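Observations on the model geometry
Residues per chain, in single letters:
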Amino acid sequence: MLEFPRSLRGAAVAVTTLALLAVVPAVSSTAASPAVGAATGFTSYEAESGTLGGGAAVTSVTSAPATPYSSPELEASGHAHVRLGSTGQSVRWTNTTGRPISFLNVRASIPDAPSGGGLTATLNLYVDGTFRQALNLNSKQSWVYEGNNNYNTSDNQNPADGNPRVFWDEAHTFVTGTPIPAGASFSLQKDAANSASFYDLDVIDAENPPAPLAQPADSISITSCGAVADNTPTNGSGSGQAPDSGPAIQNCIDQAQAQGRVLWIPPGTFYVKGTAGLHAQGITIAGAGQWYSTVYRDVPVPNSTPLAALFSVTSCTVRDFHIDANSVSRSTVGGDGGAMDTTGTNWSASGIWSQHTMSGFWASGTGGTVRNSRLTSIWADGINVNNVALGADTGNNLTVTDNFVRGTGDDAIAVNSVAYNTNGDGSRTYYHPMTGATVRNNTSIAPWGGKGVAVYGGSGHQVTGNHVSDTARYIGLGAGRFGVNGDDLRSATVTGNTVLRSGGNAYSQGQPALHVGNGGDGQNTGIVDQVTVTGNTVSDSLYDAIGFSASTNTLLRNNTVTTPGRNGVVIAPPFYPAPTGSATITGNTLTGLKPGATAYANNSAGFTASLSGNSWEGGTTPTGPYGGTPAAVPGTVQAENYDTGGQGVAYNVGSVNGNGTAYRSDGVDLEATSDTGGGWNLGWTGAGQWFRHTVDVAAAGRYSVGLRLAAPAAVTGALHLSDASGADLSGAVNVPATGGWQSWTTVTANVTLPAGRQVLTIRQDSGGWNLNQLTFTASGGNPAPTDLAAGRPTGESSHTNGYPASNLTDGNRNSYWESADNSFPQWAQVDLGSARSIGRVVLRLPAGWGARTQTLTVQGSTDGAVFSTLKATASYTWDPATDNTVSIGLPASAQRFLRVTVTANTGWPAGQLSEFQVWSP
């Protein structure tokens, strides 16, 4: 690839998108964090959105694939690319980042050699029409073939077999000379000196990296142990003259472990030759930045020795370097091993750029995080968190956040809970099911051989705010179980994600863009239960937008589907059987359905789906508070005033038994009551039934709930109250014997509620009782207020050198956000998840920092788009004498997004904060 393979960190980027059949305007901007996806330090310019010159042409996907094979446009981001096929052809962009561009990463394709194995060639870069430099490209690590019974393999490099795939590779370099100024044009042009017969261009990432990081105090440099850099550009293969630094690096790792010191990888490219990897435990491994420090694995090819990962690390912190390799296929013979396998407790990987390896991260253990990393041109999985890596048997509370993944040969990001593996002697090794994985605000683009985001088995997983686009063959986002030896999926929440131009025709299956069920990988076995899919956007799917196979208790609510390539929502589409199952499908919106397509279809007689409030139904009752106004808390909530929306949305009942049709037309389990005040009560209770009530809580705190209940006989564990996420608020409520169905008493429970509008659910755990009303009163023992921003997602205008805005809400005062230097104004914000009553923000810096004054403004927003000023621009001083803490009172209001914009800082030429707390009035 290009010289000096490096990394990323920094400000925001929104990925350019285009409709399936049309070319759209270019470019992302670093001015604001994207609504979904990773915040990165580069801007992506799609080739098809540039200005074409000399007869260059765009090729794009114009219809769903009719074959199971690939094409360059199908594997491209945006499903489109530009070809420079003749001398003088070019594509030009304008630097709209508002800052200089000193580093470029190009996703491109040049032809294979006639007999395979790849070529090298250059392509010329111009700035404002003047030649600047020749960029090195190659096709050594691309182009495999599927013809002649090689379908879906990734190691056949014989062009005579036909049906090629893996067209794209990524190359990067620093810009020679002066960085490209803001507002200047830059272009790639095929000149006479550029020898490839064609250059297909997909996307170019532009950025301005910070200076290299300095060596940390109390660290050991690998050069002190004998490691020697060779900075000759690799361009698809290693340098034969480069020394093998592997033994020296391992020696330094051993010393760092023995002495409790940091291992330092200075700027330069350091080779690890042969088939051995590196092993570390309990240390920090740090580099000068992903653009500067590279560890390059050079394996003799063809290779016959199975490879472990280049790095196998346990309970380590790794950060700020680049991993590359000379592998030429996804196989042992092609020299393909992983970049990093990790396990242990509370491990961390951040600021790592991986390329040309089997996987980026193969990770298990407890409490680990992959953050702010970049993975491009990976042969298999990008980030796979699991319960088996490095011999572990657990995978609990693992987090994948703010990572950018493009061009993987398997799943870009996967949660992979394995039940067992079969050993060579036929015995089995069993593993604990995974719990609590979080996949949040990542960007997954153009996997050519897998899903964008996949959840396979376990429970309690959260998949939120991710951008998934341009899968070439498979489902974009899937929740299910993997294989006969995978764990059942017992619960997962999939919310606020965007899935664009996804799905595919692998094995001629016409796979959906978003899928829930157990058949997504052909095994059609196991349990998939309690998957909640809410608030997602699925646009321009290649085939069906949303598909179900066998699964139970799925909630598909308030999702937006636009312009599906085939149908909208389909239960049991071809190749995805659903002989049994259940789902609630409510409040979903579908637009742009093509003639002859179906908005909704259930092809299974054994799959029960409850529909209400979906746009394609027409005339159905929308979900919401009964009477249009939420019940006030403190106050009384009448049991019969459950929300509108119907079965499976506002309530779930086994049968309609009530006689209260005079009050509500559904007549669900209502009867006239003899309790004081009269009216109606809820009856015919039964295990598994529930009723939702929308309430408006005046102030966060602890509330006493008086439940008016009647029961002929005592019922233990009769009910409990839960919030919208299903969390138990009250614990089990027991009902005493009152003497009859209309003999009433009050039973008291306690709940803690946040302020604002929310949904409470009365969950019937055992039957045999009636309920009239619930009276909420403020409890004298209200808990101390809580920081509403704790653990919440963040956004930023920029960050520098591994100090992203996500540090503001991570609970660690010593981690901090720092914006790009010398580029005011800069801002950071927190997303509270919903509009909350707010009264002040508390902004902190690390306790040991010296005093400084920052000038800032505080703004709020309910939608993340339009912000209003809550506190006018003023200067505030952080002083260690006052705990480096500033508290800013705000007018009482309801806000979802809180933003602090910094315009000056006496202590450093950037915005700096370590904690961004938000408190109720």
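Preceding this paragraph is the structure being described.
Quick look at the structure, then. Note that this is a predicted model, so its numbers are computed, not measured.

Per the counting criterion, the structure on display carries 1 disulfide. The cysteine C316 is free of any disulfide, with C252 supplying the nearest cysteine sulfur at 14 Å.

Before going further, it helps to spend a moment on the layout of surface pockets. Put simply, the second largest pocket is a space of about 700 Å³. Looking at the second largest pocket, it is lined by 27 residues, and the ones nearest its centre are R319, S350, G802, Y803 and N807. Contributing elements (two or more residues each) for the lining of the second largest pocket: β18 (284–287), β21 (317–325), β23 (348–355) and β26 (369–371). When residues of the lining of the second largest pocket are assigned to their parent elements, the largest contribution, 3 residues, is made by β21. A per-class count over the lining of the second largest pocket returns 9 nonpolar, 14 polar and 4 charged.

Moving on to the sheet that holds strand β32 (residues 413–416). Here we have 12 strands laid out as an open sheet, ordered β17-β20-β22-β24-β28-β32-β37-β40-β43-β46-β49-β52, and parallel in their pairing. Since the sheet does not close on itself, it has two edges, and those belong to β17 (278–281) and β52 (600–602), each with one partner. Going across the sheet, the axis of each strand differs from the next one's by a mean of 10°, ignoring polarity. The pairing of β17 with strand β20 (residues 311–314) spans 4 bridges and is classified as parallel. Bridge pairing in β20 links Q281 to T314.

Soluble globular proteins tend to pack their nonpolar side chains together in the buried interior. Grouped together as the largest cluster of nonpolar side chains are 77 residues, with contacts concentrated most on I285, F311, F321, I383, I546 and F548. At 5 residues, helix α1 (residues 246–259) tops the list of elements feeding residues into this core. For I383, the contacting residues outside a window of four places in its chain are F361, V370, L375, V400, N403, V405, A412, I413 and A414. L709, A711, V735 and L753 belong to the second largest nonpolar core, which has 34 residues in total.

Time to look at the pairing of strand β27 (residues 374–378). Most of β27 sits inside the fold, with 5 of its 5 residues counted as buried. Across 3 bridges, β23 lies against β27 in parallel orientation. By the bridge assignment for β27, W353 is matched with R374. Sheet analysis places β27 next to strand β31 (residues 404–408), joined by 4 bridges and oriented parallel. When the bridges of β31 are listed, I378 appears paired with T408.

Looking now at the environment of G365. Mapped onto the elements of the fold, G365 is located in strand β25 (residues 365–366). Take G365: its relative accessible area is 3%, and that puts it in the buried class. For the pair G365 and P595, spaced 230 residues apart in the sequence, the C-alpha separation amounts to 50 Å. Discounting residues that sit within four places of it in the chain, G365 has contacts with T343, G344, N386, T394, G395, N396 and L398.

To continue, consider the sheet that holds strand β5 (residues 90–94). The 5 strands are arranged β2-β5-β12-β7-β8 in an open sheet whose pairing can be described as antiparallel. The outermost strands of the open sheet, each flanked by one partner alone, are β2 (51–53) and β8 (130–138). Geometrically, the sheet is characterised by an average inter-axis angle of 25° between neighbouring strands, direction not taken into account. Here strand β7 (residues 120–127) pairs with strand β12 (residues 185–189) via 4 bridges, running antiparallel. Residue pairing for β12: Y126 is matched across the bridge by S187.

Attention now moves to the environment of T636. The residue T636 is located in strand β55 (residues 635–638) in this model. Taking the C-alpha atoms as reference points, T636 and D191, separated by 445 residues in sequence, lie 77 Å from one another.

As a further point, take the pairing of β32. Two faces make up the sheet, and in a regular strand the side chains alternate between them. Here β32 shows no split at all, with I413 and V415 on one side and A414 and N416 on the other all buried. One ladder, built from 4 bridges, connects strand β28 (residues 383–386) with β32; its direction is parallel. Directly across from I383, in β32, lies its bridge partner I413. Where β32 and strand β37 (residues 453–456) come together, 4 bridges link them in parallel fashion. Bridge assignment links A414 to a residue of β37, and that residue is A454.

Now for unusual backbone geometry. Here V633 and P634 are connected by a cis peptide whose omega angle stands at 5°. Note that P634 resides in the loop between β54 (631–633) and β55. Cis geometry is adopted by the peptide bond preceding P825, which originates at F824 and carries an omega value of 0°. Secondary-structure assignment places P825 in the loop between β67 (817–818) and β68 (826–844). At N148, a position not held by glycine, the phi torsion is positive, near 60°. Tracing the backbone through its elements, the reader meets N148 in the loop between β9 (144–145) and β10 (164–165). At Y507, a position not held by glycine, the phi torsion is positive, near 55°.

Cut-offs and rules
Residues numbered from 1 in each chain as written. Predicted model: local features only at pLDDT ≥ 70, side-chain atom pairs only at ≥ 80, totals over all residues. Heavy atoms only, no water. Disulfide = S-S within 2.5 Å. 1 Å grid on protein atoms, 1.4 Å probe; cavity = no way out; pocket = protein on both sides within 12 Å on 5 of 7 lines; lining within 4 Å. Points joined across faces, edges and corners; volume = space filled by probe spheres on them. Helix = DSSP H or I, 4+ residues; strand = E, 2+ residues; numbered from the N terminus. Nonpolar A, V, L, I, M, F, W, Y, C, P; charged D, E, K, R; others polar. Pairing = 2+ DSSP bridges. Axes fitted to C-alpha atoms, helices over the stretch in contact; angles between N-to-C directions. Core = buried A, V, L, I, M, F, W, Y, C linked by side-chain atoms within 4.5 Å. Buried < 20%, exposed > 50% of the residue type's maximum accessible area, 1.4 Å probe, protein only. Contact = heavy atoms within 4.5 Å.

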